[in-house]
Amino acid sequence: MKKFAILIDSTGDLPREMRERYLIDYVAMGYVVDGIEYQASLDWRSHTPREFYNFMRDGKRITTVQVHVDTYTERFSEYLSAGRDVVYIACSSALSGSYNTSRVVAESLKETYPDNTVYCVDSLISSLGQGSLAIAAASMRDEGKSAAETAEWLVANRLKVNQFGTVESLEYLRAAGRVTATSAFFGNLFGVKPIVISDALGQNFAVKKVKGALTAKKDMAQSISEIVENPEQQTLYISHADDVAAAEQFRDEILAANNFKDVYMSYIGPIVGASVGPGTIISFCVGSEVTVEGHA
Amino acid sequence: MEIVSLNSNKLAEMMLGGYRCLKLNESKVDDLNVFPVPDGDTGANMVKTLGGAVNEALECANDGCGAYLKRFARGALMSARGNSGVILSQFFRGFADAAAGKQELCAADMSELMKSGVARSYSAVINPAEGTILTVMKDASEKAKTCAKTDLTALFGTVTEEMRASLRRTPDLLPVLKEAGVVDSGGAGFLCVFEGMCAVLNGENPDGEHLAKRFEDSAAPVVTGDDAAERKKYGVVAVCAGDGFEHYFGEIGVDALILARPGDPPSTESFVRAFSSVNADCLFVLPNDPNFILSARQAAQLFDRRVEIIETKSLAEGYSALSMMDLNRETPEQVIDDMLSAVSNVITGLVTRAVRDTRLGGVDVKTGDYIGLADHTLLCADIDMNSAVVSLLQKLPCIADKEVVTVFYGAEVDEDSCGELEQTLSKLFPRMEFGFVRGGQELYHYIISIE
């Protein structure tokens with residue numbers, strides 16, 4: 001039995017070094033700047049993170065394109081034709097239509113490749129939350145688990161990945177239609193920081209607002225203490241939209257209150273970045289299951 | 001002329017007609033997108049999807065309806081773009097399933113095809129939402145089932161008419177459409193396809209003017225009912241001064257503003273008038289000046305609904321309270337708590353010009369000096385406006401605990417001067433966040449909220 005392949009997509013935010021270490025592949029979405037569509041490379045092939053986020057800082061509108069059917073067909077077929085199953089861990093279906101498309105493609109490929117299967121898993125999260133689920137899947141694969149067992153585990157455990165993040169302005173998320181928040185969170189209010197979680201439906205949900213960037217970091221560090229399980233045995237993931245200093249400060253605040261085994265920090269890739277905007281910082285860790293469902 | 005069956009040649013012509021009608025209306029469909037993302041370029045995505053299908057199936061036009069639709073569905077899937085494209089491709093996949101092995105299609109077959117198409121489309125979406133393309137498909141299919149017709153032109157006519165009606169109903173099912181005042185873009189694109197197919201069946205031109213006009217009517221903006229008459233749970237009334245504050249308070253969600261000018265404090269009557277203009281069960285009132293609290297209280301006593309006075313003593317406190325307000329809270333007490341806890345954390349800094357010589361709290365003041373006050377205590381005086389702000393902050397005993405400083409500049413202060421001040425402050429207090437906002441107030445050059 002050949003080992004199954006693990007795929008994420010452009011919202012999984014795992015850079016090359018991590019994908020190589022854990023043998024994780026990805027299918028690319030796209031982004032559009034000035035009417036030109038670029039492949040949303042997790043290795044920043046078209047623009048550096050600084051260039052990309054400077055577009056947004058300069059007020060350029062960047063839009064995103066979900067994974068095309070032919071991209072899925074091509075990438076899934078590569079593995080199926082080699083006799084391998086695929087576990088595809090998709091961006092939350094509440095944020096992208098890609099997961100839906102992937103299911104349709106996986107179904108249509110059954111005819112051509114009856115002996116192997118693509119298991120599409122809706123991660124109900126994005127960025128390094130989605131990436132961390134892929135890393136967990138990789139260790140299950142190392143333990144000899146099958147694709148079916150791994151997919152089942154992912155579905156059972158995906159809501160244990162807790163997200164706490166804050167953005168410079170909710171306007172990016174709002175313009176992209178990718179946040180659930182009441183009117184209390186809008187209006188351009190200086191110093192007001194929304195805390196955004198990924199809820200049980202996989203939506204970005206603005207749960208509360210606090211005054212000041214430092215207060216926001218401390219508040220999220222405190223929230224993590226309340227939900228985290230066995231921090232000494234897990235990696236804390238932090239992703240940021242081109243603000244290393246803020247991410248490091250966030251890390252220090254979290255570590256002051258929680259004893260994580262280690263920390264992995266990386267950039268928010270172009271797809272999530274286009275929705276959240278520069279200056280965003282997000283943490284992910286495993287804790288009690290997320291049950292909140294946001295309403296606008 | 002009655003048509004009781006279709007061969008694959010005619011079907012191929014109809015599909016091309018559907019494509020041409022969709023193409024004709026592509027940009028109008030795009031314009032219906034609620035969110036301006038290419039993910040949602042519905043018209044363009046559906047055109048690509050259907051175009052790929054028509055091309056792919058071209059060479060099967062003589063092979064019978066079953067074979068034609070099988071290729072058509074495959075082509076649609078391979079060219080599918082976006083959600084609407086994927087759903088459309090699955091609709092035709094359902095067609096292909098139900099048409100398998102059939103040379104020709106009669107009206108009863110067509111009704112089966114639609115049913116199968118709807119089932120496939122729904123199963124392609126993880127959380128099917130009503131008020132979308134799916135609803136338009138489903139309504140049309142159900143209409144087809146109930147209309148026992150043998151004539152295909154009559155069937156297509158009835159089905160297409162139902163699609164138009166269903167499309168008009170989408171905003172009632174999906175609030176985001178109602179809010180934007182549009183019908184669903186995917187549903188609109190789907191209607192175009194059937195309008196075009198229908199036209200070909202009737203021997204009409206599928207991209208003629210009349211179809212463009214008809215589509216415009218079907219997709220016309222939706223006028224939503226005026227909700228203003230509905231009574232809200234909470235309303236907010238605030239006193240303010242300056243066009244900048246006026247703008248921001250309105251944006252944050254203040255329902256009624258009472259404008260105060262120097263030397264002209266708001267009367268009890270102006271509070272009552274403001275209260276009456278807000279149709280809410282419970283009013284939160286921010287006087288934003290210690291001298292206005294009493295008038296607000298008196299007005300509250302004269303008013304027959306619940307009024308809660310948040311005793312804000314400055315515009316800075318008012319702004320802070322409003323910025324942390326959340327009117328979606330369960331109880332008024334929670335709303336009040338949020339605001340009071342924000343206010344308790346604010347120090348109000350004021351910079352203005354002294355109108356006479358004085359010595360107060362160890363500070364010598366000359367007429368015309370810029371003086372800095374914190375919560376109504378005089379802390380400094382300086383001949384330079386910006387230097388007064390700097391020394392005000394430096395002399396604040398608790399500045400080390402503060403993080404966010406919002407500076408509202410007055411009507412007489414220009415933006416260049418703010419820019420210089422911002423640079424100076426950021427250098428002196430690197431840990432703090434400084435924001436400059438136009439307050440537009442008279443008399444006070446700067447009103448500063450220090451939190």
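Residues numbered from 1 in each chain as written. Chains lettered and ligands numbered in written order. Predicted model: local features only at pLDDT ≥ 70, side-chain atom pairs only at ≥ 80, totals over all residues. Heavy atoms only, no water.

1. A closer look at the overall build of chain B
Tallying secondary structure elements over chain B gives 18 helices and 14 strands in all. Compactness check: chain B gives a C-alpha radius of gyration of 33 Å against a globular reference of 22 Å for 451 residues, more than 25% above the reference. Projected onto its principal axes, the C-alpha coordinates of chain B cover approximately 105 × 50 × 35 Å. Sorting the 451 residues of chain B into buried and exposed places 57% on the buried side. (Helix = DSSP H or I, 4+ residues; strand = E, 2+ residues; numbered from the N terminus. Rg over C-alpha atoms; globule rule 2.2 N^0.38 Å. Buried < 20%, exposed > 50% of the residue type's maximum accessible area, 1.4 Å probe, protein only.)

2. Topic: helix H9 (residues 244–257) of chain A
Residue and element names in this part refer to chain A. Taking 1.5 Å of rise per residue, 14 residues should cover 20 Å, and H9 covers 20 Å from first to last C-alpha, within 8% of that figure. For H9, the set of buried residues is Ala246, Ala247, Phe250, Glu253 and Ile254. When H9 is viewed along its axis, its buried side chains cluster within an angular range of 125 degrees and face the same direction. Exposed positions of H9 whose direction lies more than 90 degrees from the buried face are Ala245 and Ala256. Its buried side turned inward, H9 meets strand S8 (161–166), helix H8 (213–227), strand S11 (235–240), strand S12 (262–267) and strand S13 (281–286). (Expected span 1.5 Å × (residues − 1). Arc of directions from axis to C-beta. Contact = heavy atoms within 4.5 Å.)

3. Comments concerning the interface of chain A and chain B
Of the residues lining the interface, 40 residues belong to chain A; the matching set on chain B comes to 39 residues. For the pair chain A and chain B, the two sides together bury roughly 3200 Å², of which 55% comes from carbon and sulfur. Contact with chain B buries surface across chain A, with A:Val104, A:Phe190 and A:Lys211 losing the most and accounting together for 22% of the total. Linking chain A with chain B are four salt bridges. Here B:Arg93 and A:Glu107 are joined by a salt bridge, their closest N and O atoms 3.3 Å apart. Taken together, the elements giving at least two residues each to the side of chain A that touches chain B come down to strand S5 (63–65), helix H3 (69–81), helix H4 (98–109), helix H7 (171–175), strand S10 (204–211) and H8 of chain A. (Buried area = accessible area lost by both parts, 1.4 Å probe. Salt bridge = Lys/Arg side-chain N within 4 Å of Asp/Glu carboxyl O.)

4. Remarks on helix H8 (residues 152–173) of chain B
Along its 22 residues, H8(B) runs 30 Å from first to last C-alpha, staying within 8% of the 32 Å computed at 1.5 Å per residue. Of all bends in H8(B), the biggest is about 25 degrees, found at B:Leu167, and the proline B:Pro171 comes one to four residues later. (Bend = angle between axes of the 7 residues up to and from the residue.)

5. Observations regarding the pairing of strand S3 (residues 232–240) of chain B
Residues and elements named next belong to chain B. Of all nine residues in S3, seven are buried, a share of seventy percent or more. With six bridges joining them, S3 and strand S5 (residues 280–286) adopt parallel strand pairing. Bridged to alanine 238 within S5 is leucine 286. Across four bridges, S3 lies against strand S4 (residues 256–259) in parallel orientation. Bridging from a neighbouring strand, valine 239 pairs with isoleucine 258 of S4. For the crossover from S3 across helix H12 (residues 243–252) to S4, the handedness is right-handed. (Pairing = 2+ DSSP bridges. Right-handed = clockwise from strand over helix to strand, strands pointing away.)

6. A look at the packing of aromatic side chains
All names here are of chain B. This structure, assessed with the given rule, holds 27 aromatic pairs over all chains. A ring pair is formed by phenylalanine 156 and phenylalanine 194, whose centres lie 5.8 Å apart and whose planes are at 25 degrees; its orientation type is stacked. Here the residue phenylalanine 156 occupies a position in helix H8, and phenylalanine 194 occupies one in helix H10 (residues 185–201), the gap between them amounting to 38 residues. Taken as a pair, phenylalanine 156 and phenylalanine 194 share a single burial class, namely buried. (Phe/Tyr/Trp six-rings, centres within 6.5 Å; stacked < 30°, edge-to-face > 60°.)

7. Points about the sheet that holds S5(A)
All names here are of chain A. Across the sheet, which stays open at both edges, the three strands sit in the order S4-S3-S5 with antiparallel pairing between neighbours. Since the sheet does not close on itself, it has two edges, and those belong to strand S4 (36–39) and S5, each with one partner. Ignoring which end each strand starts from, the neighbouring axes of this sheet average 35 degrees apart. (Axes fitted to C-alpha atoms, helices over the stretch in contact; angles between N-to-C directions.)

8. Quick notes on the environment of B:Asp416
Residue and element names in this part refer to chain B. Structurally, aspartate 416 is set in helix H18 (residues 415–428). Accessibility expressed as a relative area gives 61% for aspartate 416, which makes it exposed. A sequence separation of 335 residues divides aspartate 416 from arginine 81, and the C-alpha atoms of the two residues are 49 Å apart.

9. Points about the pairing of strand S2 (residues 24–27) of chain A
Residues and elements named next belong to chain A. Here S2 shows two buried faces, one formed by Ile24 and Tyr26 and the other by Asp25 and Val27. Strand direction decides the pairing type here: strand S1 (residues 5–9) and S2, joined by four bridges, are parallel. The partner of isoleucine 6 across the bridge, within S2, is isoleucine 24. Regarding the hand of the β-α-β motif, the stretch spanning S1, helix H1 (residues 16–22) and S2 is right-handed.

10. Comments concerning a negative patch on the surface
On the surface, B:Asp414, B:Glu415, B:Asp416 and B:Glu420 cluster together into a patch of negative charge. Topologically, B:Asp414 is positioned in the loop between strand S12 (404–409) and H18. (Patch = residues over 30% accessible without salt bridge, like charges linked within 9 Å, V, L, I, M, F, W, Y side chains within 5 Å. Areas by Shrake-Rupley, 256 points an atom, 1.4 Å probe, with all protein chains shown as cover. Lys, Arg positive; Asp, Glu negative; His and termini not counted. Charge placed at Lys NZ, Arg CZ, Asp CG, Glu CD.)

11. Examining the packing of H8(B) against H10(B)
Residue and element names in this part refer to chain B. The contact between H8 and H10 brings their axes to 10 Å, and the two run at 160 degrees. In this view, H8 runs roughly antiparallel relative to H10, as classed from their interaxial angle. The chirality of how H8 crosses H10 is left-handed. Across from Leu152, Thr153, Phe156, Gly157, Val159, Thr160, Met163, Arg164 and Leu167 in H8, the residues of H10 making contact are Gly187, Ala188, Phe190, Leu191, Phe194, Glu195, Met197, Cys198 and Leu201. Tallied by class, the residues present in the contact of H8 with H10 amount to 12 nonpolar, four polar and two charged. (Parallel < 35°, antiparallel > 145°, perpendicular 65-115°, else oblique. Left-handed = near helix turned anticlockwise from the far one by under 90°. Nonpolar A, V, L, I, M, F, W, Y, C, P; charged D, E, K, R; others polar.)

12. Considerations on the confidence of the model for chain B
Regions with low pLDDT should not have their predicted coordinates read in detail. In the predicted model, chain B carries a mean pLDDT of 91, and 97% of its residues have values of at least 70. Listed scores for the predicted complex are pTM 0.85 and ipTM 0.80. (pLDDT = per-residue confidence, 0-100.)

13. Considerations on empty space enclosed by the protein
Residues and elements named next belong to chain A. Per the stated rule, a full pass over the model turns up two cavities of 30 Å³ or more. What the largest cavity holds in volume is close to 230 Å³. Lining the largest cavity we find 26 residues, and of these Leu95, Ser126, Asn204, Val272 and Ser275 sit closest to its centre. Secondary-structure elements contributing two or more residues to the lining of the largest cavity are S5, S8, helix H10 (270–276) and S13. No other element matches the four residues that H10 contributes to the lining of the largest cavity. Considering only residue class, the lining of the largest cavity consists of 12 nonpolar, 12 polar and two charged. (1 Å grid on protein atoms, 1.4 Å probe; cavity = no way out; pocket = protein on both sides within 12 Å on 5 of 7 lines; lining within 4 Å. Points joined across faces, edges and corners; volume = space filled by probe spheres on them.)

14. Let's talk about the nonpolar core
Formed by 78 residues in total, the largest nonpolar core has its most connected members in A:Phe76, A:Tyr88, A:Ile89 and A:Leu170. Not counting residues up to four positions away in its chain, the partners in contact with A:Leu170 are A:Val179, A:Phe185, A:Phe186, A:Pro194, A:Val196 and A:Ala206. Of all hydrophobic cores here, the second largest spans 71 residues; its members include B:Ala61, B:Met137, B:Cys147 and B:Val182. (Core = buried A, V, L, I, M, F, W, Y, C linked by side-chain atoms within 4.5 Å.)

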